Amino acid sequence: MKTGRLVALLLVAAVAVLSLAGCGSHSGNPHAGEVVVGSGRDAESTLLAGIYAAALRSYGFPARTEPSDNPMAQLDSGAFTVVPAFTGQMLQTLRPGASQLSDTQVYRTMVSALPEGVAAGDYTTSAEDKPVLMVTQSTARAWGGNNRNADLSALPKHCDGLALGVVAGRRVPAAVGSCLLPAAREFPSETTMFDALRAGQLTAAWTTTADPAVPGDLVSLADGKPALVQAENVVPLYRRNALSDRQLLAINEVAGVLDTAALADMRRQVAGGADPQAVAGGWLAEHPLGR
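Residues numbered from 1 in each chain as written. Predicted model: local features only at pLDDT ≥ 70, side-chain atom pairs only at ≥ 80, totals over all residues. Heavy atoms only, no water.

Some thoughts on the sheet that holds strand S10 (residues 185-187)
Adjacent strands of a sheet pair through backbone hydrogen bonds, lying either parallel or antiparallel.
Stage number 1. Spatially, 6 strands are ordered S6-S12-S5-S11-S7-S10 in an open sheet, and the strand pairing comes out mixed. Single-partner strands in this sheet number two, and they are strand S6 (150-151) and S10.
Stage number 2. In this structure, strand S7 (residues 164-167) lies alongside S10, joined through 3 bridges in parallel fashion. Within S10, the residue paired with Val166 across the bridge is Glu186.
Stage number 3. Set on the sheet, helix H7 (residues 190-198) makes contact with strand S5 (131-135), S7, S10 and strand S11 (204-208); between it and S11 the angle comes to about 145 degrees. (Pairing = 2+ DSSP bridges. Helix = DSSP H or I, 4+ residues; strand = E, 2+ residues; numbered from the N terminus. Contact = heavy atoms within 4.5 Å. Axes fitted to C-alpha atoms, helices over the stretch in contact; angles between N-to-C directions.)

Considering the state of the cysteines
Stage number 1. Counted by the stated rule, this structure contains 1 disulfide.
Stage number 2. Here Cys159 engages in a disulfide with Cys179; their sulfurs sit 2.1 Å apart. Handedness here is read from the sign of the S-S torsion; for Cys159 and Cys179, about 80 degrees, the answer is right-handed. Separated by 20 residues along the polypeptide, Cys159 in the loop between S6 and S7 and Cys179 in strand S9 (residues 179-180) bring together distant segments of the chain.
Stage number 3. Judged by relative accessible area, Cys179 falls into the buried class, the value being 1%. (Disulfide = S-S within 2.5 Å. Buried < 20%, exposed > 50% of the residue type's maximum accessible area, 1.4 Å probe, protein only.)

Describing the packing of helix H4 (residues 87-94) against helix H5 (residues 103-113)
In a packed pair of helices, the relevant descriptors are the angle between the two axes and the axis-to-axis distance.
Stage number 1. Put simply, H4 and H5 touch, their axes get as near as 9 Å, and they point 40 degrees apart. One element, H4, and the other, H5, form an angle in the oblique class. Crossing of H4 against H5: the hand is left-handed. Contact residues: Thr87, Gly88, Met90, Leu91 and Leu94 in H4; Val106, Tyr107, Thr109, Met110 and Ala113 in H5.
Stage number 2. A class-by-class count of the residues in the contact of H4 with H5 yields 7 nonpolar, 3 polar and no charged. (Parallel < 35°, antiparallel > 145°, perpendicular 65-115°, else oblique. Left-handed = near helix turned anticlockwise from the far one by under 90°. Nonpolar A, V, L, I, M, F, W, Y, C, P; charged D, E, K, R; others polar.)

Structure (structure tokens):
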């Protein structure tokens, strides 16, 4: 009997020690259970991460953002669970030189090229940030448009003698339709580039559709259908089998709410010094998911 009682006491003590160890391990990790939404270190990337983290939190899931020099490597290793991206940029990373242009084609080809273990959620059909050419109002009228509207399809008709500008470091198309574009002249800032455009030193200048700094006196060459410039829609990439159905629903619902105008407005706020997380949270509060 004494031996049996001693064994029982030892078992109770062992269970108690293991329970305490488990509690200590959990309390020592304040981020346990959080979904880590990774991003690059630039303002737009951290803003997008904030949007998806806010979406998860709006569904009751703890989530935090974390920047990295290589968020895709962190996603591939499992350090990150979700990483927002742009479809065209990701496609070019995975398959350099891929020629698909429309949003649907770019998305499908990107999905087929993703590494094993990484999946893609729904992309934002109404939110994009792809390259766009700006021209003066006089050029827009000469190319058959008006003061506020012109079509990119007119560009190949004026291919000879084009002088294009781009901010240094920005990736732009090598061709638009049948027009093989000349190398763009690089500028240190958009201000100097747009000044050169107004002064007649450039025919057109590259920016992006969600750029908040585009002056109101210039005209964008709208890309129609069929598309002439590769799509750049926002898309959440995530670790396969790492999200529950409701977590996946939370990040996918962003696709039905976010649009280009909202993205540009949030970028404008961040450029003005606002915190990206606060801006993302404020936008989501005004556009609640699941409704």
